[in-house]
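# What the coordinates show
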Amino acid sequence: MALIYDLPVFNDVYGLSLRLFQLTSNFPREYKFTLGQDMKRDCINLVRYIYRANKAKEKSQYLEEFLDHFEILKFEIRLCTDLKLITMKHQAELASKMNSIGRQITAWRNASGKVQNS
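Residues numbered from 1 in each chain as written. Predicted model: local features only at pLDDT ≥ 70, side-chain atom pairs only at ≥ 80, totals over all residues. Heavy atoms only, no water.

## Focus on helix 4 (residues 60–82)
The end-to-end C-alpha separation of helix 4 is 33 Å, in line with the 33 Å expected for 23 residues at 1.5 Å each. Within the span of helix 4, buried status applies to L63, F66, L67, F70, L73, E76, I77, C80 and T81. Looking at the residues trailing helix 4, positive phi occurs at K84, about 65°. (Helix = DSSP H or I, 4+ residues; strand = E, 2+ residues; numbered from the N terminus. Expected span 1.5 Å × (residues − 1). Buried < 20%, exposed > 50% of the residue type's maximum accessible area, 1.4 Å probe, protein only.)

## Looking at the packing of aromatic side chains
The final tally for this structure, using the stated rule, is three aromatic pairs. Three or more aromatic residues joined by ring pairs form one cluster here, namely Y5, F10 and Y14. Its end group placed over the ring of F21, K40 keeps NZ or CZ at 5.5 Å from the ring centre. (Phe/Tyr/Trp six-rings, centres within 6.5 Å; stacked < 30°, edge-to-face > 60°. Lys NZ or Arg CZ within 6 Å of the ring centre and 35° of its normal.)

## Things to note about the environment of R41
Turning to its location among the elements, R41 is positioned in helix 3 (residues 35–55). Taking relative accessible area as the criterion, R41 reaches 45% and is therefore assigned partly exposed. Taking C-alpha positions, R41 is 11 Å from L20, a pair spaced 21 residues apart along the chain. Within polar-contact distance, the side chain of R41 engages the side chain of D38 at 3.2 Å. (Polar contact = N/O pair within 3.5 Å; in protein donor to acceptor, adjacent residues only side chain to side chain.)

## Let's talk about the side chain of D42
Relative to the helices and strands, D42 is located in helix 3. Within the buried core, D42 has no salt-bridge partner, and the shortest N-O distance to an opposite charge, that of R41, equals 6.4 Å. Other than its neighbours up to four places away in sequence, D42 contacts I72, L73 and E76. (Lys, Arg positive; Asp, Glu negative; His and termini not counted. Salt bridge = Lys/Arg side-chain N within 4 Å of Asp/Glu carboxyl O. Contact = heavy atoms within 4.5 Å.)

## Comments concerning the pattern of salt bridges
Scanning the model with the defined rule gives four salt bridges in all. E93 is the salt-bridge partner of R19, the closest N and O atoms lying 2.9 Å from each other. In this pair, R19 sits in helix 1 (residues 8–24) while E93 sits in helix 5 (residues 88–117), placing the two residues 74 residues apart along the sequence. Across the pair R41 and D38 runs a salt bridge, and its minimum N-O distance is 3.2 Å. Of this pair, R41 and D38 are both found in helix 3, three residues apart, which corresponds to roughly one turn of the helix. Taking relative accessible area as the criterion, D38 reaches 34% and is therefore assigned partly exposed.

None of this, on its own, says anything about what the molecule does.
Set out below in structure tokens:
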């Protein structure tokens, strides 16, 4: 088991979280304490699922939960773009990070499933 801080996916989720914390700080008050707060909490939960998956023998449950919450975060980011809270450029930046994260988690889930099924 690698340390969580050594996992590339952890570093990518951390970078995504950091960027979302920066972007939500500029939200109007109406959204800062609702949508913005939810997005920050969702990012922290993603880190929690990575930690739990890294620690667990049965990783797939935590990786599936990660992917479920990850889809919610994608929705929230799209909502932010539609509400003009973030620019299209910011959305593209976040989407690029999220695509990389999604591929890594899916590969990890698939690899852990093969080990468990062997």
